Amino acid sequence: MTLDTAIRLTEILLGIAFAQQSIEHIKLSSNKQGLFIIRLLLAVLLVIGFHTIWVACLLLVLGLIILQRFQGPYNGGADRMGLLILCCLCLAHFSPAPRWQEIAFGYLALQLILSYFISGWVKIVNRDWRSGRALSDVFQFSAYPVSERLRLWVNYPHLLFFMSWAVMTFELLFAFSLLSSVSLGIALIIATIFHFVNACLFGLNRFFWIWISAYPSILWFQHRIIYT
Amino acid sequence: MRIKLKVFSNLLHTLKLLLPALFPSWNFFDVIAPSPRIQFTLLNKEDDSPLEWHEFRPRPVHVSLVQMLKRLFWNPKWNESLFMLSCAERLIEKYTLHSEDEILNHITKELKNTPLNGILVDATYLQFRLIVLQRKNDQLYEEPMFLSRTQLLSTQNFL
């Protein structure tokens, strides 16, 4: 995948993710509705490829205004990933030389790899995660399970133990998938399923769309680092 | 001069909010922290003692697979609840008027749209509290952590 293709694909996927978020906000009819109508329009322009350099910059400025209005991210990590992608896109577009453009977009790929690796590392060094207790706590009393019936999963400690190790193993080994395009493809399919399950069980639908929009960067990165 | 200082201070604050996005920590669920719940009460007078606390947006007993799939595309209420959770966590960490206002305003908006309106019309004040759930050894404990100010409800909020 060429750098230009990867950047364009990222813009399309990010535009779709932002449009989805903006429509949700508009529906909630808050006093910040105006900001999200503008964001929706800019997201559509990003998807269709209309002056994407300036649209990405405007989306970044709007993102900062929204960050200020909510005094932080509205949806934690998902919003932060959205801002990171926007910053990397803007830097890549305004880079004076192709090398700097690659560094800016490569930073996004690196952060994507770290997002899995660090998440896995902080879990595996925690005894509660290794024993399955932490995931049991998530289901038992955290605010994330989408229904009361899901809390009953706490009665299946062997399942939660297996799930804990499956998550930690995947997150820690994700970086090694860069060794070949086949392994990276498989890893990205597993990652998509992982975010899909999180969206179903914990209602984290914004993470699903935003993380997927960063995938073209790692596809380009792998090709650039391994084959060139 | 004062305006310039305020603009500079706002810019600095926004930059401070942006930095975790540029250099993320990615330590999702590293520890399962005590989990806050928002409960509210409705009062007739500002100095009334609360009699009954209601959970803000209690989760449903069951969500079907089809609903889960729909929520992948359309989940505004849940995402708003997650933002309320963030505000609650911020309040527990360090009081901010913004977080208290956001929670009060969202509860008011929610009351306006609930079928309970009929029995709530008489209430004139709203107050919320934060209860924190945590596990100590094998037991779950609830601990009240924050009590908000009482906010006057306009009758227009409910009618």
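Placed above this text is the structure.
Residues numbered from 1 in each chain as written. Chains lettered and ligands numbered in written order. Predicted model: local features only at pLDDT ≥ 70, side-chain atom pairs only at ≥ 80, totals over all residues. Heavy atoms only, no water.

Things to note about the overall build of chain B
When helices and strands are tallied, chain B shows 5 helices and 5 strands. Put simply, chain B runs from its N terminus to its C terminus through helices and strands in the order α-β-β-α-α-α-α-β-β-β. When each of the 159 residues of chain B is scored for burial, the buried share is 41%. Within chain B, counting contacts between residues at least 6 apart in sequence, those at least 24 apart form 60% of the total. Summing over all exposed atoms, chain B offers an accessible surface of approximately 9,900 Å²; the carbon and sulfur share of this is 59%. Within chain B, one finds 19 positive and 17 negative side-chain charges whose respective centroids are separated by 8 Å. (Helix = DSSP H or I, 4+ residues; strand = E, 2+ residues; numbered from the N terminus. Buried < 20%, exposed > 50% of the residue type's maximum accessible area, 1.4 Å probe, protein only. Contact = heavy atoms within 4.5 Å. Areas by Shrake-Rupley, 256 points an atom, 1.4 Å probe, with all protein chains shown as cover. Lys, Arg positive; Asp, Glu negative; His and termini not counted. Charge placed at Lys NZ, Arg CZ, Asp CG, Glu CD.)

Concerning the environment of A:E148
Relative to the helices and strands, A:E148 resides in the loop between α7 (133-141) and α8 (157-173). A sequence separation of 72 residues divides A:E148 from A:G76, and the C-alpha atoms of the two residues are 23 Å apart. Beyond its immediate sequence surroundings of up to four residues, A:E148 is in contact with B:R59, B:P60 and B:V61.

Notes on the interface of chain B and chain A
Listed as interface residues are 51 residues of chain B and, on the opposing side, 61 residues of chain A. In this assembly, chain B packs against chain A so that about 5,100 Å² is buried in total across both faces, 62% of it on carbon and sulfur atoms. If you look at where chain B meets chain A, you find 5 salt bridges. For B:E102, the salt bridge goes to A:K32, with nearest N and O atoms at 3.2 Å. Linking chain B to chain A there are 34 residue pairs in polar contact (both at pLDDT 80 or more). In terms of residues, the side of chain B that touches chain A owes the most to one element, helix α3 (residues 76-93) of chain B, which gives 9 residues. (Buried area = accessible area lost by both parts, 1.4 Å probe. Salt bridge = Lys/Arg side-chain N within 4 Å of Asp/Glu carboxyl O. Polar contact = N/O pair within 3.5 Å; in protein donor to acceptor, adjacent residues only side chain to side chain.)

Let's talk about α8(A)
At 3.6 residues per turn, the α-helix brings residues three or four places apart onto the same side. Look at α8(A): 24 Å from first C-alpha to last across 17 residues, which is about the 24 Å you get at 1.5 Å a residue. Those residues of α8(A) that are buried lie in contact with α5 (98-124), α6 (127-131), α7 and α9 (181-202) of chain A. (Expected span 1.5 Å × (residues − 1).)

Brief notes about the nonpolar core
If you look at the biggest cluster of nonpolar residues, it comprises 109 residues, and the most contacted ones within it are A:M81, A:F174, B:I38, B:I103, B:I107 and B:F128. The dominant element in this core, judged by the number of residues it contributes, is helix α4 (residues 76-94) of chain A, at 11 residues. Here B:F128 is in contact with B:I38, B:Q39, B:F40, B:W53, B:L91, B:E100, B:I103, B:L104, B:I107, B:F146, B:L147 and B:S148, once residues within four sequence places are set aside. (Core = buried A, V, L, I, M, F, W, Y, C linked by side-chain atoms within 4.5 Å.)

Considering the side chain of A:Q20
Of note, A:Q20 is situated in helix α1 (residues 3-27). A residue is classified by how much of its surface remains accessible, and A:Q20, at 11% relative accessible area, is buried. A polar atom in the side chain of A:Q20 sits 2.7 Å from the side chain of A:E24. Setting aside residues no more than four positions away along its own chain, A:Q20 makes contact with A:N205, A:R206, A:W209, B:L72, B:F73 and B:W74.

Some points on the pairing of strand β4 (residues 139-147) of chain B
Residues and elements named next belong to chain B. Of the strand pairs in this sheet, strand β3 (residues 125-136) and β4 are connected by 8 bridges, and their pairing is antiparallel. Residue I131 lies in a different strand from β4, and its bridge partner there is P144. The antiparallel hairpin formed by β3 and β4 contains 2 residues in its connecting segment, where N137 sits at a positive phi of about 55°. (Pairing = 2+ DSSP bridges.)

Thoughts on the packing of aromatic side chains
Taken as a whole and judged by the stated rule, the model has 25 aromatic pairs over all chains. Geometrically, the ring pair formed by A:F70 and B:F83 is edge-to-face, given 5.0 Å between the ring centres and 75° between the ring planes. Of this pair, A:F70 sits in the loop between α3 (52-69) and α4 while B:F83 sits in helix α3, on two different chains. The exposure class of A:F70 is buried, given its relative accessible area of 4%. According to the relative accessible area criterion, B:F83 is buried, its value standing at 0%. Every member of this aromatic cluster is reached through a ring pair, and the members are A:F36, A:F70, A:Y74 and B:F83. Taking the ring centre of A:F18 as reference, the NZ or CZ of A:R39 above it sits at 4.1 Å. For the cation-ring pair, B:K136 lies above B:Y141, with the distance from its terminal atom to the ring centre recorded as 5.5 Å. (Phe/Tyr/Trp six-rings, centres within 6.5 Å; stacked < 30°, edge-to-face > 60°. Lys NZ or Arg CZ within 6 Å of the ring centre and 35° of its normal.)

Here's the deal with the pattern of salt bridges
Scanning the entire structure with this criterion turns up 17 salt bridges over all chains. The salt bridge partner of B:R59 is A:E148, with a shortest N-O separation of 3.8 Å. Linking B:R59 in the loop between β2 (54-55) and α2 (65-73) with A:E148 in the loop between α7 and α8, this pair reaches from one chain into another. For A:E148, a relative accessible area of 36% corresponds to the partly exposed category. Residues joined by salt bridges that share partners form a network here, namely A:D128, A:R133, A:D137, B:R135 and B:D138.

Comments concerning unusual backbone geometry
We note that A:H51 has phi near 40°; this positive angle belongs to a residue other than glycine. With respect to the helices, strands and loops of the structure, A:H51 is situated in the loop between α2 (33-48) and α3. For A:H51, a relative accessible area of 53% puts it in the exposed group. Although it is not a glycine, B:N137 sits at a positive phi angle of roughly 55°.

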